[in-house]
Amino acid sequence: MKINSNLKDIKKELLRKSKHGSRFIDEKSLKEIDDFCEKYKKFLDKSKTEREAVKETLLLAQEFGFKEFDPDTKYEAGEKVYYVNKHKSIIFAVIGKNKTKNGIKIAAAHIDSPRLDLKPNPVYESNDMTLFKTHYYGGIKKYQWLAVPLAIHGKIFKKDGESIDVCIGEDESDPQFCISDLLPHLGKDRLKKTVDEAFLGEELNLLVGSRLLIGESDQQKESEEMGLAKLNTLKILNESYKITETDFLSAEIEIVPAFKTRDIGFDRSMIGGYGHDDRVCAYVSLMAILTCQDVSSTVLVVLSDKEEVGSDGNTGMNSSFLKYFVEDLAKQDGVEVRHVLSKSKCFSTDVSAAFDSNFSSYYEAGNSCFLNHGVVVSKYTGFGGKSGGSDASAEFMAEVRSLFDGNNILWQTGELGKVDAGGGGTVAKFIANLNLDVVDVGVPVLSMHSPFEVVSKIDVYSAFLATKSFFQKDV
Ligand code: MN
Ligand code: MN
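To keep things clear, this report deals only with the structure shown in the data block.

Rules used throughout
- Residues numbered from 1 in each chain as written.
- Chains lettered and ligands numbered in written order.
- Predicted model: local features only at pLDDT ≥ 70, side-chain atom pairs only at ≥ 80, totals over all residues.
- Heavy atoms only, no water.
- Salt bridge = Lys/Arg side-chain N within 4 Å of Asp/Glu carboxyl O.
- Helix = DSSP H or I, 4+ residues; strand = E, 2+ residues; numbered from the N terminus.
- Buried < 20%, exposed > 50% of the residue type's maximum accessible area, 1.4 Å probe, protein only.
- Patch = residues over 30% accessible without salt bridge, like charges linked within 9 Å, V, L, I, M, F, W, Y side chains within 5 Å.
- Areas by Shrake-Rupley, 256 points an atom, 1.4 Å probe, with all protein chains shown as cover.
- Phe/Tyr/Trp six-rings, centres within 6.5 Å; stacked < 30°, edge-to-face > 60°.
- Donors = N, O, S within 2.8 Å, 3.2 Å for Na, K, Ca; no water.
- Expected span 1.5 Å × (residues − 1).
- Polar contact = N/O pair within 3.5 Å; in protein donor to acceptor, adjacent residues only side chain to side chain.
- Pairing = 2+ DSSP bridges.
- Axes fitted to C-alpha atoms, helices over the stretch in contact; angles between N-to-C directions.
- Contact = heavy atoms within 4.5 Å.
- Core = buried A, V, L, I, M, F, W, Y, C linked by side-chain atoms within 4.5 Å.

Should the charged atoms of two oppositely charged side chains come close, the side chains can pair. Scanning the entire structure with this criterion turns up 27 salt bridges. Asp 263 serves as the salt-bridge partner of Lys 41, at 2.8 Å between the closest nitrogen and oxygen. Separated by 222 residues along the polypeptide, Lys 41 in helix 2 (residues 27-46) and Asp 263 in strand 11 (residues 262-264) bring together distant segments of the chain. The class of Asp 263 is buried, set by a relative accessible area of 17%. Between Lys 306 and Asp 305 there is a salt bridge, with the nearest N and O atoms lying 3.2 Å from each other. A single salt-bridge network, built from bridges that share partners, covers Glu 38, Lys 41, Asp 263, Arg 268 and Lys 457.

If you want it as structure tokens, here you go:
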């Protein structure tokens, strides 16, 4: 660059630009973004658990012609398949023209979110109230779950194998549930405690009833027998679901916020809801694979469970189900799975922590992601000295930059807060361990892991376009 260039030109040439989407997106594109997000909002309301997310994504994929994967069928380019793993994780694939021989492209998201699970023996009575014992799942701030409306979702399996779907608290006519909180008038001592000391996991007990089961006779009405509140609840449950107390042993019941997804802001630019982490990336990745066409390499979306508790277990990303699936595809093409995986590329699509001006001291603004600045690319995740995360190679970062710039994708970089402020990981490392090139790509979110997280509509759509461009790119 010439030394006599003017400052404006030098700036343009040398500085990395940070872009607010409003500066680049026209009215027509905003309409497209809003339409996309309306569908996403409906999906989010119907997918409050991993089982529900599997069911909803499957329904959407079937509308687009996806068929159940059969390892013995020989698939041709353009064919679309799905594989459900134990009702809680799912894979979608579109067979490419080159099939698996040059590697495949994967977008991996997770469909579990922080919540409260019921314990195996949840029902108890205290001072004539019926409550359910819970055990929290994932990284929650316990106080955020007190005094908010909650719903009960899940599945109960009876001894004879019959299964019962439970979803109470979502319909306008349903009752809801809550965990009571101590009134501020009596909170003086509690306020002196640390948050960890003041809010205990064992106190997250769900209020589910307060009337007693009283028999017809006068004698029963006057008796001071205990246990009648619990019995009343069990009777109602038996009438509604034909279950007994022991049936909770073979159930997976999740307590989730009962709120519906809503637009946020006078300009309706944001979406507030439960479980954007990471159903927003699950939805975006799904939409990318449902709408991609004539892909050269086989593309695949994997939606996994258990990310919020470390990805272990047979439905988590640390399980071999993804590798087994790719192995089945590779076998059809007469190639070794290890060769396919080593040549493959992956977007680990998960939310990132958006810069929050209320808590700016926890972020380093120069490396944070911002709402409305587009899809976030995080080179690495992890705690402390990048422990427990995944670090994308400079080579792959260059490829991603060039892909996004070439396709006019609104994108930004991000990291999960200041160095040593905390940290976190995604499924990236488990996939990287299979020797793929992996990078974290996702949507910035405010109030992550709270019952009501916030994302920007522009970012949601940018993440969709980004993932789609990754799938469509010829290799
Ligand atoms: Mn996540
Ligand atoms: Mn999370």
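For the rest of this paragraph, the subject is a nonpolar patch on the surface. Taken together, Leu 182, Leu 183 and Leu 186 make up a surface patch of nonpolar side chains, about 270 Å² in accessible area. Positionally, Leu 186 belongs in the loop between strand 8 (163-168) and helix 4 (188-192). Residue Leu 186 is classed as exposed on the basis of its relative accessible area, which comes to 57%.

This next bit is on the packing of aromatic side chains. Aromatic ring pairs are reported here in terms of the distance separating the ring centres and the angle at which the planes meet. Summed over all chains, the structure comprises 20 aromatic pairs. For the pair Phe 36 and Tyr 283, a centre-to-centre distance of 5.6 Å together with 65 degrees between the ring planes defines the contact as edge-to-face. Of this pair, Phe 36 sits in helix 2 while Tyr 283 sits in helix 8 (residues 276-291), and the two are 247 residues apart along the sequence. Centroid distance Tyr 40 to Tyr 283: 5.4 Å. Interplanar angle 45 degrees. Geometry classified as tilted. Taken together, the residues span a long stretch of sequence, with Tyr 40 in helix 2 and Tyr 283 in helix 8 at a distance of 243 residues. Take Tyr 40: its relative accessible area is 0%, and that puts it in the buried class.

Turning to the coordination of the manganese ion (ligand 1), a few remarks are in order. In the first shell of the manganese ion (ligand 1), the protein supplies His 110 (NE2), Asp 277 (OD), Asp 350 (OD) and Asp 350 (OD), at 2.1 to 2.4 Å from the metal. Mapped onto the polypeptide sequence, the residues donating to the manganese ion (ligand 1) form the spacing pattern H-x166-D-x72-D.

Attention shifts here to helix 13 (residues 457-472). An ideal rise of 1.5 Å per residue puts 22 Å on 16 residues; helix 13 measures up with 23 Å between its terminal C-alpha atoms. With respect to burial, helix 13 is a largely interior element, 13 of its 16 residues being buried. Where helix 13 starts, the residue carrying a side-chain oxygen 3.2 Å from the main-chain nitrogen of Ile 458 turns out to be Ser 456.

Our next topic: the coordination of the manganese ion (ligand 2). Each protein donor to the manganese ion (ligand 2) is listed here as Asp 277 (OD), Glu 308 (OE), Glu 308 (OE) and His 449 (NE2); together their distances run 2.0 to 2.6 Å. Counting gaps between the donor residues of the manganese ion (ligand 2) yields the pattern D-x30-E-x140-H. Here the manganese ion (ligand 2) and the manganese ion (ligand 1) are spaced 3.3 Å apart, and both take Asp 277 as a donor. Here the residue Glu 308 occupies a position in the loop between strand 13 (299-304) and helix 9 (321-332), and His 449 occupies one in the loop between strand 21 (444-445) and strand 22 (453-456), the gap between them amounting to 141 residues. There is no split in this pair, since Glu 308 and His 449 are both buried.

Take the sheet that holds strand 22 next. Taken together, the 3 strands give an open sheet; going across it, the order is 11-12-22, and neighbouring strands pair in antiparallel fashion. At either end of the open sheet lies a strand with only one pairing partner, and these are strand 11 and strand 22. On average, adjacent strands in this sheet sit at an angle of 35 degrees to one another, irrespective of strand direction. Packed on one face of the sheet, helix 8 meets strand 12 (270-273) and strand 22 and runs near 35 degrees to strand 22. Contacts between helix 13 and the sheet are confined to strand 11, strand 12 and strand 22, with strand 22 contributing the most and set at about 65 degrees to the helix.

Burial within strand 20 (residues 437-442) is extensive, with 5 of its 6 residues counted as buried. Bridge count between strand 14 (residues 345-349) and strand 20: 5 bridges; the pairing is parallel. Residue pairing in the sheet places Phe 347 in a bridge with Val 439 of strand 20. The pairing of strand 16 (residues 375-378) with strand 20 spans 3 bridges and is antiparallel. Of the residues in strand 20, the one forming a bridge with Val 377 is Val 441.

The next subject is the nonpolar core. Counting 60 residues, the largest nonpolar core has Phe 36, Phe 92, Ile 289, Phe 347, Phe 404, Val 439 and Phe 471 as the members making the most contacts within it. When residues in this core are grouped by element, the largest group, 10 residues, is from helix 8. Ignoring any residue separated from it by four or fewer positions in sequence, one finds Phe 92 in contact with Thr 57, Leu 58, Ala 61, Phe 66, Val 81, Tyr 82, Leu 286, Ile 289, Val 299, Leu 300, Val 301 and Leu 303. If you look at the next biggest cluster of nonpolar residues, it comprises 32 residues, including Leu 116, Val 123, Ile 156 and Phe 199.

As a further point, take unusual backbone geometry. Here the bond from Asp 277 into Asp 278 is cis, since omega is 5 degrees, no more than 30 degrees from zero. Tracing the backbone shows Asp 278 in helix 8. Even without a glycine there, the phi angle at Lys 99 is positive, about 50 degrees. Here Asp 420, not a glycine, exhibits a phi torsion of approximately 70 degrees, which is positive. Relative to the elements of secondary structure, Asp 420 occurs in the loop between strand 18 (411-413) and strand 19 (423-424). The class for Asp 420 is exposed, based on a relative accessible area of 64%.

Our next topic: the pairing of strand 3 (residues 89-94). Among the 6 residues in strand 3, 6 count as buried, and that is most of the element. Both faces of strand 3 are covered, namely the face carrying Ser 89, Ile 91 and Ala 93 and the face carrying Ile 90, Phe 92 and Val 94. Bridge count for strand 2 (residues 80-85) against strand 3 is 6 bridges, and the pairing is antiparallel. For Val 84, the partnering residue across the bridge sits in strand 3 and is Ile 90. Here strand 2 folds back onto strand 3 in antiparallel fashion, the turn holding 3 residues, of which Lys 86 has a positive phi close to 55 degrees. Examined bridge by bridge, strand 3 and strand 13 share 5 bridges and lie antiparallel to one another.

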